[in-house]
Amino acid sequence: MKYRREIDGLRALAVIPVILFHAGFSQFSGGYVGVDVFFVISGYLITSILINDLSKKDFSIARFYEKRAKRILPALFFVMLLCVPFAWLWMVPEQFKEFSQAFVAISFFVSNILFWKKEDYFSPAAEENPLLHTWSLGVEEQFYLFFPLFLFCFWRLGQRRVFYVLLGLTFLSLLLSEWGWRNVPSANFYLLPFRAWELGVGSLCAFLLYKREVQSSQFLSFTGLFLIIFSIFFFDKETPFPSLYALVPVIGSALIVLYCSKSTMIGQVLSTKVLVGIGLVSFSAYLWHQPLFAFARIRLLSEPSFGMMLILSFLSIVLAAFSWKFIEQPFRKGGRLLGSRNNIFILSGLTTALFVIFGLYGHFTGGVKERLVVPETITKDLHVRGFQDKCFDFSMEKIEGEGFFCEVGSNTEAPLVAIVGDSHSLSFLAPLAERFENRGESLLYSGISGCPPIINTYVLRNDSQRETCALRNQRVYTEIKERKIKTVYLIARWTTYSTGDVSGAYTYIGDEYEVEAKKEKSLKVFEENLKSTLAFLNELDIEVVLFHQPPVQEIDARSFYNWVSMFGEGEFSSYLKKKSVKSSEHYKRYLKAHDILENNAQLFQSVKTVNFNGFLCEHEDRCVIGTVNNSYYLDDDHLSNFGASVLIDTYSENIFNF
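Thresholds applied
Residues numbered from 1 in each chain as written. Predicted model: local features only at pLDDT ≥ 70, side-chain atom pairs only at ≥ 80, totals over all residues. Heavy atoms only, no water. pLDDT = per-residue confidence, 0-100. Contact = heavy atoms within 4.5 Å. Disulfide = S-S within 2.5 Å. Helix = DSSP H or I, 4+ residues; strand = E, 2+ residues; numbered from the N terminus. Buried < 20%, exposed > 50% of the residue type's maximum accessible area, 1.4 Å probe, protein only. Salt bridge = Lys/Arg side-chain N within 4 Å of Asp/Glu carboxyl O. Core = buried A, V, L, I, M, F, W, Y, C linked by side-chain atoms within 4.5 Å. Axes fitted to C-alpha atoms, helices over the stretch in contact; angles between N-to-C directions. Parallel < 35°, antiparallel > 145°, perpendicular 65-115°, else oblique. Left-handed = near helix turned anticlockwise from the far one by under 90°. Nonpolar A, V, L, I, M, F, W, Y, C, P; charged D, E, K, R; others polar. Patch = residues over 30% accessible without salt bridge, like charges linked within 9 Å, V, L, I, M, F, W, Y side chains within 5 Å. Areas by Shrake-Rupley, 256 points an atom, 1.4 Å probe, with all protein chains shown as cover. Phe/Tyr/Trp six-rings, centres within 6.5 Å; stacked < 30°, edge-to-face > 60°. Lys NZ or Arg CZ within 6 Å of the ring centre and 35° of its normal. Polar contact = N/O pair within 3.5 Å; in protein donor to acceptor, adjacent residues only side chain to side chain. Pairing = 2+ DSSP bridges. Right-handed = clockwise from strand over helix to strand, strands pointing away.

In the predicted model, the protein chain carries a mean pLDDT of 86, and 87% of its residues have values of at least 70. Note that residues 396-403 has pLDDT below 50 and, in this model, 24 contacts with residues that lie over four places away or in other chains. Segment residues 511-517 is flagged for pLDDT under 50; beyond a separation of four residues in sequence, or across chains, it makes 16 contacts in the model.

Below you can see the structure in the form of structure tokens.
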């Protein structure tokens, strides 16, 4: 296959936005589409190689996998290996356990499946996962596993018929993706069936160009570049993705592959030495950037500065050049370094086995807890929340049974108390259940991640209409009425649905099908529906205890206590002197949400509020994260069971006096 410099330039155009997006530069809000550009390029290059071999009747599946192993595994294994000492030193047990699980998944090229089950790609926690980016390698390797066999089996039908079969499968995958973002958004993002069409578009380009010269077009190549750049700067975390929106960067990439050559202006730009150089090392740059960013965030206990992230972005390119020259190239060329094909497979197998053993060790030891001198009480606070498996729904996809309620505590009498909320409510469930059980009472609980406990509310995640939240609230409040519940606790991260999160992960709420709700309208809907909820309960003569959320910390509690364990208790007071939660944007948003809740609560005599600021934020300039021996927080915004228990005891008069 003839080498095309502009394709390497396109690789650079793919990897740079991905790096800058993960670095947190808001200007590159759609930088994640660089992965989709990579998928198109991979589909094109791999299919070009396969078509050429099949046409010459020189196809060898063993040779194909040998080349893939030499291309991918050395750099991937090298970066994974160098991540180990930093993970060992800086990760808390739960993080290290997940890091170890990733080693096993990556070794079998199923990390996309692991992260589908465990990780929200756009969540703040994902930024501290040094191997999250390998999900895309999982997608590609699964494609490489099945696609050569598909071509081999169907090639006898003729190249034209194979093209149309591939076109049909690509179209079906696109339709599946469009369905997926509405119904199974996490699977849609991570799994091959929903992503295959992007690789398929690249494959179709390979068929169209086979034994043909690129039909140079200034207009179409410029249009392709425009579409990619448009998606980089105008897409964001709220854009449904992948979906029909993904056609913008994918078609843009295809136009460059099909119509861009060295005779076009865009081809000349993409063929410049700088872009081609970055394109050549783009695979290694992609491998390096996420570990650098993740470990920096873990080590610094907070978001690194703009300057720091810029330096790390540049460093990822420098390290990529190093690994390309001394790792990728020597192994790809093979020769005496690797020897025969059998040696390559044996070496790959042995290295994979070692990584799997390491990963299993980290998993079954719970993250090798003995690495860190963290008090057992801290470890428990950071990683244990009672009733999580039994009663809580993280996905809004698992609700079953009548009434949407989980009953806990003593069953001697019918429950008279109900807790309704989102993930913040889970922190309070265990300590509240314990206290009610001591009184010989039980309570009902309904908690769904990201679902505010207010009626007539539809949550819009990634512009996806999530009717389950509205259905939960409708069923729960109906059952509250039917069961003659006397007291309802409403517990949620209220800023997420009212004033918005400063992370940019704003959760819109709206009426039934208003998918395009804006923040201002969402706030109005929130206030109206909150008032309606309180009025509904007031009419039923139900006491309402409205919990204000705890202020968001500037640091994840797990990272903070990991830091303390590594560098001593002196860091506890040192950090508190440096950080001022009360001057943060988080705290300003919190105060606005606080006022909204208070203003609406004052309209009804049956509603009282519980504000934890007096305890958590008693200092003039900061809010406490915990003590040396116990953490009040689970991460940066959720309370631990311990923290919730302390607050329940501190504010027991307000919480139980009904």
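Having put the structure on the table, let's press on.
Across all of its chains, the model carries 2 disulfides by this definition. Here Cys391 connects covalently by a disulfide to Cys406, the sulfurs 2.0 Å from one another. One end of the pair, Cys391, is in helix H18 (residues 388-391); the other, Cys406, is in strand E2 (residues 406-409), and 15 residues separate them in sequence. Look at Cys391 and you get buried, because its relative accessible area is 10%. Classification of Cys406 by relative accessible area gives buried; the value is 12%. One disulfide in the model links Cys617 with Cys623; its S-S distance is 2.1 Å. Judged by the sign of its S-S torsion, about 105°, the cystine formed by Cys617 and Cys623 is right-handed.

With the rule as written, the count across this model stands at 15 salt bridges. Between Glu66 and Lys70 there is a salt bridge; the shortest N-O distance is 4.0 Å. Note that Glu66 and Lys70 are positioned in helix H3 (residues 61-90) at a spacing of 4 residues, about one turn of the helix. The burial state of Glu66 is the same as that of Lys70; both residues are buried.

With that out of the way, let us pick up the nonpolar core. Judged by nonpolar contacts, the single largest core of 114 residues is most densely connected at Phe99 and Trp135. The element best represented in this core is H3, accounting for 13 residues. Among the nonpolar cores identified, the runner-up in size contains 44 residues, and Cys391, Ala433, Tyr561 and Phe612 belong to it.

This paragraph deals with the packing of helix H2 (residues 34-55) against helix H9 (residues 192-209). Viewed as axis vectors pointing N to C, H2 and H9 meet at an angle of 45°, and their least axial separation amounts to 7 Å. Taken together, the axis directions place H2 and H9 in an arrangement best described as oblique. Judged by the twist between their axes, the crossing of H2 over H9 is right-handed. Of H9, the residues touching H2 (which contributes Asp36, Phe39, Val40, Ser42, Gly43, Tyr44, Thr47, Ser48 and Ile51) are Arg195, Glu198, Leu199, Gly202, Ser203, Cys205, Ala206, Phe207 and Leu209. Classifying every residue of the contact of H2 with H9 by side-chain character gives 9 nonpolar, 6 polar and 3 charged.

What follows deals with a nonpolar patch on the surface. Among the surface-exposed residues, Phe222, Phe226, Ile229, Phe230, Phe233, Phe234, Met265 and Val269 lie close enough to one another that they form a single nonpolar patch of about 780 Å² accessible area. Of all elements in the fold, only helix H10 (218-234) and helix H12 (265-270) reach the threshold of two or more residues within the nonpolar patch. The leading source of residues in the nonpolar patch is H10, at 6 residues. Position of Phe222 relative to the elements: it lies in helix H10. By relative accessible area, which is 44% here, Phe222 ends up partly exposed.

We now examine the packing of aromatic side chains. Applying the stated criterion across every chain yields a total of 47 aromatic pairs. With 5.0 Å between their ring centres and 70° between their planes, Phe77 and Phe355 make a pair best called edge-to-face. Placement of Phe77 in helix H3 and of Phe355 in helix H16 (residues 341-364) is noted, with a sequence separation of 278 residues between them. Between Phe322 and Phe326, the aromatic rings sit 5.0 Å apart at their centres with planes inclined by 45°, giving tilted as the arrangement. In this pair, Phe322 and Phe326 are both assigned in helix H15 (residues 306-333), 4 residues apart and thus about one turn of the helix distant. Residue class for Phe322 comes out partly exposed when judged on its relative accessible area of 41%. Through a chain of ring-to-ring contacts, three or more aromatic side chains come together here, namely Phe21, Tyr32, Phe226, Phe230, Phe234, Phe235, Phe241 and Tyr245. Directly above the aromatic system of Phe189 lies the positively charged group of Arg195, at a separation of 4.7 Å from the ring centroid.

Note that the residue after Phe241, namely Pro242, is joined by a cis bond; omega there is -10°. Counting through the fold element by element, Pro242 comes out in the loop between H10 and helix H11 (247-259). One non-glycine residue, Phe109, adopts positive backbone phi at about 55°. One non-glycine residue with positive phi stands out, namely Phe387, at about 70°. One can find Phe387 in the loop between helix H17 (376-383) and H18. What makes Phe387 partly exposed here is its relative accessible area of 29%.

This part takes up the environment of Pro148. Relative to the helices and strands, Pro148 is located in helix H6 (residues 135-154). Distance from Pro148 to Ile61, taken between C-alpha atoms, is 7.4 Å for residues 87 residues apart in sequence. When near neighbours in sequence (up to four residues on either side) are disregarded, Pro148 contacts Leu50, Phe59, Ile61, Phe64 and Phe143.

Bringing the side chain of Asp637 into the picture now. Along the chain, the position of Asp637 falls in the loop between helix H25 (613-616) and helix H26 (641-650). Engagement of the side chain of Asp637 in a polar contact is seen with the side chain of Arg493, the distance being 3.2 Å. Ignoring any residue separated from it by four or fewer positions in sequence, one finds Asp637 in contact with His424, Arg493, Pro550 and Val552.

Successive residues of a regular strand alternate their side chains across the two faces of the sheet. Taken across its 5 residues, strand E3 (residues 417-421) has 5 buried, putting it largely inside the fold. Bridge count between E3 and strand E4 (residues 442-448): 5 bridges; the pairing is parallel. What sits directly across from Ala418, in E4, is Leu444. As for the winding sense of the linkage, the β-α-β connection from E3 through helix H19 (residues 423-438) to E4 is right-handed. With 5 bridges connecting them, E3 and strand E7 (residues 487-491) associate as parallel partners. Bridge pairing links Gly421 to Ile491 in E7.

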